[in-house]
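# Reading the structure
Here is what each chain is made of, one letter per residue.
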Amino acid sequence: MRQKSQTRQTGAAKAIKDVRRATRKQYSAEEKIRIVLDGLRGEDSIAELCRIEGIAQSIYYKWSKEFLEAGKRRLAGDTARAASTGEVTALIAVTTGLRRGEVLALRWEHLDLDGGVLRVMESLEETGKGLRFKEPKNKRRRQVDIPAFLSDAIKKHRIDQAQALLKVGIRLTGETLVCCRCNGEPMSPENLSRQFPVAVERAGLPRITFHGLRHSHATLLLGAGVHMKVASERLGHSGIGITMDLYSHVLLGDQQEASAKVDKTFKAAVNSRFQST
C-alpha cells in the first residue's frame, strides 16, 4: 500500500514539474539583461528581485554568469577588436570594485598582469583648481587580485595605448596611466560620470552609473558567498561594519534563502518519517 502511495506521489510530482516546465515564461535576452542589471544595482535583495520577477535565485545567478561570460568573450579575446579605453575603464571597475578615482589613477607600474594583481596606490580627484592625485580613501593602499580575462584585456589595451601614444610623440612608461586621454593626460572623473550612463543607454542597456559598477561588484561578491571581511578589504572600506551597513540587503537575501532551505529540509524529514511509519 505504502509503495503504491509513494508511486502516486512521485507521478504527481513529475506531472507538476512537467506542467511548470511547459508553462514557464520565456525570457528574451533583453529581459534577462534587465533583470541581471537590476540585481547588480543592489536596490533590492536578490531574493526580493527574484520574487518580483517570479524566477528562482539559481536562475538569476545562471543569467549573471552568462552575462559576465558574454562580456569576457567581447572584451578579452573572442572578438577581432580590442577593448576601447572606456570599456577597459568600466571592466576594471566592475571586476575589482575600485572607486572611480582609483581606476583613473592606476599606472602601469601598479599592475602585475602575469601575477594577476593590481595595487591601489593613489586616487584621482577633480577640484575647483583642476585634477590632483591623492592617497586612496581612508588612506588604505591595498592589493587586489584580478581575474585572468581582465589581465588579457588589459594586455591588449596596453599594446593599443602604446601605439596611440607613439603617434603623438609619447612613450609609454611605468608611470603612464592605464586609463588616460589620447595625449596621456588624466581623464576627468566628472566627465566620466556624466558620459558613462549616456554610453550605456546608447548601447541599449538599462541605465547604470559608473559608481554603480562598484556596487555591482560588491553585490556579486556577497551573492556568491565571499566572506564579508574579504569583500571589505577588496573594496577598501575602513572596516567591515561599513560593508555590512551598505550591503545588508544582500545578506538579507541569503538569510531568506537559508530559511527556505531549512524549511524544505525539515518538511522532507518530517514527510519521510511519517511515510515510514
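A brief look at the structure comes next. (Residues numbered from 1 in each chain as written. Predicted model: local features only at pLDDT ≥ 70, side-chain atom pairs only at ≥ 80, totals over all residues. Heavy atoms only, no water.)

### Topic: the pattern of salt bridges
This is how the line gets drawn: Salt bridges are defined by distance alone: a side-chain nitrogen of Lys or Arg within 4 Å of a carboxyl oxygen of Asp or Glu. Helix numbers and strand numbers start at the N terminus; a helix is a DSSP run of H or I with at least 4 residues, a strand a run of E with at least 2. Only protein chains enter the calculation, and the probe is 1.4 Å; a residue is then buried if its accessible area is under 20% of its type maximum, exposed if over 50%, and partly exposed in between.
By the definition in use, this model includes nine salt bridges. Between Glu-122 and Arg-107 there is a salt bridge, with the nearest N and O atoms lying 2.7 Å from each other. Of this pair, Glu-122 sits in the loop between strand S2 (117–120) and strand S3 (123–127) while Arg-107 sits in the loop between helix H6 (100–104) and strand S1 (111–112); the two residues are 15 residues apart in sequence, bridging distant segments of the chain. Classification of Arg-107 as buried rests on a relative accessible area of 15%. Of the charged contacts in the structure, one is a salt bridge between Glu-125 and Arg-132, with a shortest N-O distance of 2.5 Å. The class for Glu-125 is buried, based on a relative accessible area of 19%. Within the structure, one salt-bridge network assembled from shared partners comprises Arg-99, Glu-102 and Arg-142.

### A word on the state of the cysteines
Note the cut-off: The criterion for a disulfide is a pair of cysteine sulfur atoms lying within 2.5 Å.
Evaluated as defined, the whole model comprises zero disulfides. Unpaired in terms of disulfides, Cys-180 finds its nearest cysteine sulfur in Cys-179, a separation of 7.8 Å.

### Focus: helix H3 (residues 46–53)
Rule in force here: Within this analysis, the arc is defined by the directions that extend from the helix axis to the C-beta atoms.
Looking only at H3, the buried set comprises Ile-46, Ala-47, Leu-49, Cys-50 and Glu-53. All buried residues of H3 fall inside an arc of 165 degrees around its axis, so they share one side. Of the exposed residues in H3, the ones pointing more than 90 degrees away from its buried face are Arg-51 and Ile-52.

### So, the pairing of S3
Keep this limit in mind: Here, a strand pair is defined by DSSP locating no fewer than two bridges between the strands.
Strand direction decides the pairing type here: S3 and strand S4 (residues 130–134), joined by five bridges, are antiparallel. Across the sheet, the residue bridging to Ser-123 is Lys-134, located in S4. Taking the residues between adjacent antiparallel strands as the criterion, S3 and S4 are bridged by two residues.

### Topic: the packing of aromatic side chains
Any pair of aromatic rings gets described here by the distance separating the centres and the angle formed by the planes. Under the convention used in this document: Ring geometry is summarised as follows: Phe, Tyr and Trp rings, the Trp one being its six-membered ring, pair when their centres sit within 6.5 Å, and such pairs are stacked at plane angles under 30 degrees, edge-to-face over 60 and tilted between the two. A ring is considered to have a charge above it if a Lys NZ or an Arg CZ atom is located within 6 Å of its centre and within 35 degrees of its normal.
Within the structure shown, the criterion is met by one aromatic pair. Note on Phe-196 and Phe-210: the rings are 5.4 Å apart at their centroids and 90 degrees apart in plane angle, and the pair reads as edge-to-face. Here the residue Phe-196 occupies a position in helix H8 (residues 189–202), and Phe-210 occupies one in helix H9 (residues 210–223), the gap between them amounting to 14 residues. An identical accessibility class is assigned to Phe-196 and Phe-210; each is buried. Directly above the ring of Phe-133 sits Arg-107, whose terminal nitrogen or CZ lies 4.7 Å from the centroid. If you follow Arg-158 out to its NZ or CZ, it ends over the ring of Trp-108, 4.9 Å from the centre.

### Topic: the sheet that holds strand S5 (residues 142–145)
The three strands lie next to each other as S1-S2-S5, forming an open sheet whose pairing is antiparallel. The open sheet terminates on both sides in strands that have one partner only, identified here as S1 and S5. Here S2 runs beside S5; their pairing, made up of four bridges, is antiparallel. Its bridge partner lying in S5, Leu-118 is registered against Val-144.

### Notes on the pairing of S2
Pairing between S1 and S2: two bridges, direction antiparallel. Bridge pairing in S2 links Asp-112 to Val-117. With antiparallel pairing between neighbouring strands as the criterion, S1 and S2 make up a hairpin whose turn holds four residues, including Gly-116 at a positive phi of roughly 75 degrees.

### Focus on H9
Selection criterion: Expected span of a helix, by definition, is 1.5 Å for each gap between consecutive residues, and there is one gap fewer than residues.
The end-to-end C-alpha distance of H9, which contains 14 residues, comes to 20 Å, matching closely the 20 Å that a straight helix rising 1.5 Å per residue would cover. H9 sits mainly inside the fold: eleven of its 14 residues count as buried. Buried within H9 are the following residues: Phe-210, Gly-212, Leu-213, Arg-214, Ser-216, His-217, Ala-218, Thr-219, Leu-221, Leu-222 and Gly-223. Looking one or two residues past H9, Gly-225 carries a phi angle of roughly 90 degrees, positive in sign.

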